[in-house]
Amino acid sequence: MSAAAGLGLLAAPVLPGSPGAATSGGGSFERRFASPPPAAGARFRWWWPNGHVTPSEIAREVTQVAEAGFGGLEVADVHHSVRSGLDPAGHGWATAPWLAGLDAALTQAGREGITIDVTAGPSWPAAVPTVQPDSPVASHELAHGLATLAAGQTFDGRLPDPVVQASKGVTRSTLVRVQAVRLVTPSTRESVLDRASLIDLTDRVVAGSITWTAPAEGSWLLLAYWERGSGQMPEAGPHTSPDSYVIDHFSRAATDALTSYWDRRILSPRMARLLRRSGSTFFEDSLEIETDATIWTPGFLDAFRANRGYDLAPYLPIMLEVDEKYLYTFETDRTSRVRDDVAQVFSDLYRDHHLVPARDWAHRQGLRLRIQAYGLETDTLAYSGLLDVPETESLGFKNLDDYRVMAGGRDLGGRTILSCEAAAYNGSAYNVTWDRVLTTVNSIYAAGVNQAVLHGFAYAEAPGAAWPGFAAFSPYGNKTPGFSEAWGPRQPSWAHVPDIAAYLKRTQWVLQTGTNSVDLVYYRQKGWAATGIGALWATNDGIPLGWSHSFISSDVLGWRSASLRRGRLAPDGPAYKAMIVEGDAFRGRRATLTVAAARRVAELAAAGFPIVFLGDWSTPTAEGLGSAADDATVAAAVRSAQGRPSVRTVALPADVPGALAALGVRPHVTHERSTLVHVHRRTDDADLFYVANARHAENRKLETVDQTVWFDRRDARQVPFVLDAWTGEVRRIARYQRDGDRIGVRLRLLAGQSTVVVLAGSSWAAASSRRVPQVVSTEADDVRVDGSRLVLRSSRQGTFVTVLGDSRSRRTTVGAVPAERPLTSWTLEVEDWQPGSRPSTTRKPVVRRTLSALVPWLEIPGLEDVSGIGRYTTVVDWDAARHVGALLDLGSVLGSFRVRVNGRRVPGTNPLDTVVDLGDALRRGRNTVEVEVASTLLNRLRTAQADVFGSSARQRYGLVGPVTLRPYGTAEVRT
């Protein structure tokens, strides 16, 4: 089975909507960065209330998303909020109305130049109506019956019924085994059993009954194991008639049942053509296989023996679970090893019987496969190199190392995209602000994600929906606000979304360009994702100082891409400089490797690749149960590696940097300890560094970072540039430092903010000039490159010394600069968004106020419960010289915003940074300055849907300030 992993290394086909292909188009870098193709854009999860949709509304919503600047939509039948009125027979998933909606979506997407993703089945996990609870291809479980016997007691009767009752509709079960085992230590957690006492009683069963007498000593358990369907249905039905049931994701026949349903019931000749033209990916949500018993698949005992080489039957007791908790254990070490083997077999079955055939089927339809291949103890790291588009999620992933696990597989599998179901927040429906979304997205970008699928865009209406329209998760459960947002024109901030969509698209385009370059790779005994378990030293101390790292698992270490050349592991990307091998984080830091991994580590060490063993590796063992010979092979390989000059062994995480330094390994990027995190992408002629002031976890507090960051340069002719993803500008950086083969750039990033620094030849960007010299220091506030000129900026008049890279000094005089002034008097007009005549329509009466001081709306009489768009207007008299520009410091802005001067919009407003450069927008005389602020809908929903949102605290909205106009003077530095 493991040979199938090599399938992940085949070149991905050129398919419609492939972002990897789109980013390599022609034209100058500046032109492509300023206006990337739609395929590079962020996407939306598009919630449908089954087939309760109309083609005209579907087409309208596709246009809304395209015009806002997003790359596409993922059709998802998700309607947890709908409690009644659904018609699965007439309007369910894959019915005629649903198919008409999909036809309209694909048709309109083709016209708009964006793409549509289709979900494998209704909601999640993958399910189809042809699979029923007792189907051989339905999701299965192993249920156990239990009888406890005292010493010498006789059991005489029918086998004990399963302790977990079968789900509705499950009527068949198959007896797998009957065993007895002595109970050593009862426990409310995992009771200890005597492995040597286990007796197989299967052949004593007659017509479902057994007679057996327990031995004379101890307490005994009589266990009967039953294989049956789990009866799991996709989330929040009903979706179809008959009901759909979740397929067995470890069965090839079940995957064939899924794809055959699409072939027979959905892919008419016209639909197939539309998917080839406007489809992007075939998608499955996370592997949430749910049962109160033990996950199972028919034939598992035979598959286990073929895969691991021994019989699992004697270990069935330690597999048993109830409510996802193990019941019994043998010796701790042996139990862990067997459970690891069980997880590996399920992992291989999922890969070989589901992921590979589903991917191959998708390719035949002209689609790519995108899956969130996690949720169980499976090798998601390796899957990420096999899938066309592996996907993560920001709600379920606990820290940035969860993303790095999957980024490692993506890179070593030669894939381009790591997608993320992004910006879902528990209990936050209709109160999410774009600055929160950007902080999340900018952080996950720094861990390797380069495609956001935002959660989500809701279809306009559904049965029983209230204003402002259908939202998949709100209300949720017991009349509470649900997950995330229902983005779209129903949101006041949608007016500002094109700015945000353009930023996301440019950033993702950069992060999809070239190949990833990473300093360190951690060997990961388990390629599991969504665990919250990271790398001991790197996450706590390495990243804060500039190190970058990723992960590799045993299977991936054996891939052809993980070769060694010119001192780099995986030289074609990510070109790791060193490997750190620490104990198994999931098994008490036990020093363990697979036999294959141990041999490969020894080979790398013999070839001179730097390796650091972290922890106690004096007696390493083989992964899984294996044999004494396997343990001896692993121990010998580790000893061999440790004897090489390129290898160090350290006891504590704090010792890692010393070991790396002794091996001559240093990071690409260095800086003082901070919350900066970076991604390094390499092209033939440039090094692109995405740098973010990022949250390692959602609850981590961020402060402004202002420090010099040092970047390694591969060529002495490289100079720094900065890419502004908000405006699309590519600018030379005027002021920087050189230190040998490093370039130091001063970066100031607010909490959650990001930037892109590029090192390239001086003529790399057409807008740059070879003649612009380096600036080492200046007494002015700033110095910038403007074409072929150096231009100073200063908030005060005076003569300033600027030191150039060749040690020459230049004196530059800036003329009179007006004093900064507060802007305190404003006129406010607020569109008060209120329920309209239909759930999806909104009234917007305007409320006007004259303000002598800026305060949140909830402190302004009559605006306490208002949500909408507020336009603040003031007049600025301007009588400055032509060399004077101005910054508009808005102070605190509670919501997304735009700025206009004399009716013209100032580009590049960023919800995370409220200082706006007006440049020369102000003219002599009177100027009208307008600040437009958009709120969430929460405050109005507190009154419009009081039963759901009334208990939520009001949010603060509006321009709060203080607002200050800060003029600056400019002057050219004569070089």
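Here is what the cut-offs are and how they apply
Residues numbered from 1 in each chain as written. Predicted model: local features only at pLDDT ≥ 70, side-chain atom pairs only at ≥ 80, totals over all residues. Heavy atoms only, no water. Helix = DSSP H or I, 4+ residues; strand = E, 2+ residues; numbered from the N terminus. Rg over C-alpha atoms; globule rule 2.2 N^0.38 Å. Buried < 20%, exposed > 50% of the residue type's maximum accessible area, 1.4 Å probe, protein only. Contact = heavy atoms within 4.5 Å. Areas by Shrake-Rupley, 256 points an atom, 1.4 Å probe, with all protein chains shown as cover. Lys, Arg positive; Asp, Glu negative; His and termini not counted. Charge placed at Lys NZ, Arg CZ, Asp CG, Glu CD. Salt bridge = Lys/Arg side-chain N within 4 Å of Asp/Glu carboxyl O. Phe/Tyr/Trp six-rings, centres within 6.5 Å; stacked < 30°, edge-to-face > 60°. Pairing = 2+ DSSP bridges. Axes fitted to C-alpha atoms, helices over the stretch in contact; angles between N-to-C directions. Parallel < 35°, antiparallel > 145°, perpendicular 65-115°, else oblique. Expected span 1.5 Å × (residues − 1). Arc of directions from axis to C-beta.

Caption draft 1: Seen up close, the overall build of the protein chain. A tally of regular secondary structure across the protein chain gives 20 helices and 58 strands. In terms of overall size, the protein chain behaves like a compact globule, its C-alpha atoms giving a radius of gyration of 31 Å where 975 residues would be expected to give roughly 30 Å. Expressed as lengths along the three principal axes of its C-alpha atoms, the size of the protein chain is roughly 105 × 75 × 50 Å. For the protein chain, with 975 residues in total, the buried portion stands at 62%. In the protein chain, the proportion of contacts linking residues at least 24 apart, taken out of those at least 6 apart, comes to 78%. Per element, the accessible surface of the protein chain, about 35,500 Å² overall, is 48% carbon and sulfur. Charge separation in the protein chain, taken as the distance between the mean sites of 105 positive and 102 negative side-chain charges, equals 7 Å.

Caption draft 2: Quick look at the pattern of salt bridges. Tallied over the full model, the rule gives 68 salt bridges. R590 is the partner of D333 in a salt bridge, and the nearest nitrogen-oxygen pair spans 3.9 Å. Of this pair, D333 sits in helix α9 (residues 332-364) while R590 sits in the loop between β26 (578-582) and β27 (592-593), placing them 257 residues apart in sequence. The exposure class of D333 is partly exposed, given its relative accessible area of 38%. Two residues, R746 and D706, come together in a salt bridge whose shortest N-O distance is 3.0 Å. Linking R746 in strand β38 (residues 742-749) with D706 in strand β34 (residues 705-712), this pair joins segments that are 40 residues apart in sequence. Among the residues examined, R746 registers a relative accessible area of 53% and is labelled exposed.

Caption draft 3: Up close: the packing of aromatic side chains. Across all of its chains, the model carries 44 aromatic pairs by this definition. Aromatic pair Y522 and F551: ring centres 6.0 Å apart, planes at 45°, arrangement tilted. Here the residue Y522 occupies a position in strand β22 (residues 520-523), and F551 occupies one in strand β23 (residues 549-552), the gap between them amounting to 29 residues. Comparing Y522 with F551 shows no difference in burial state: the two are buried. Of the aromatic side chains, those joined through ring pairs into one cluster are F250, W296, F300, F304, Y310, Y315, F330, F346, Y350 and Y383.

Caption draft 4: Examining the environment of R748 more closely. Examined against the element boundaries, R748 turns out to sit in strand β38. A relative accessible area of 55% means that R748 is categorised as exposed. What R748 contacts, discounting residues up to four positions off in sequence, is T704, V705, D706 and Q753.

Caption draft 5: Structural view of the sheet that holds strand β1 (residues 43-48). Spatially, 8 strands are ordered β1-β2-β3-β12-β17-β18-β19-β20 in a closed barrel, and the strand pairing comes out parallel. Pairwise comparison of adjacent strand axes, ignoring direction, gives a mean angle of 30° for this sheet. Its contacts with the sheet place helix α3 (residues 55-68) against β1, β2 (72-77) and β20 (451-458), and it is angled at close to 160° to β1.

Caption draft 6: Summary view of the packing of helix α8 (residues 300-308) against α9. Where α8 contacts α9, the axes come no closer than 10 Å and their chain directions differ by 100°. Taken together, the axes of α8 and α9 are roughly perpendicular relative to one another. Within the contact between the two elements, α8 uses F300, A303, F304, N307 and R308 and α9 uses D341, V342, Q344, V345, F346, D348 and L349.

Caption draft 7: Just the sheet that holds β23, in detail. In space, the 5 strands of this open sheet follow the order β23-β22-β26-β28-β30, with parallel pairing throughout. The open sheet has two edge strands, β23 and β30 (647-650), and neither has a second partner. Direction aside, neighbouring strands of the sheet carry axes that sit 25° apart on average. The sheet contact formed by β26 and strand β28 (residues 611-614) spans 4 bridges and is parallel. Within the sheet, the bridge partner assigned to I580 lies in β28 and is V612. On top of the sheet, helix α16 (residues 595-606) reaches β22, β26, β28 and β30; it is set at about 135° to β28, its chief contact.

Caption draft 8: Structural context of the side chain of H144. As for its position among the elements, H144 is in strand β5 (residues 140-149). Once residues within four sequence positions are removed from consideration, H144 is found in contact with D161, P162, V163, L223, A224, Y225, L320, V322 and L327.

Caption draft 9: Broad picture of helix α17 (residues 628-642). Taking 1.5 Å of rise per residue, the 15 residues of α17 would be expected to cover 21 Å, and the 21 Å separating its terminal C-alpha atoms lies within 8% of that figure. Among the residues of α17, those classed as buried are D631, V634, A635, A637, V638 and A641. Seen from one end, α17 has its buried residues packed into an arc of 160°, which puts them on one side. Away from the buried face of α17 by more than 90 degrees, exposed residues A628 and R639 are located. Residues of α17 that are buried make contact with α9, β27, α16, β28, β29 (621-622) and β30.

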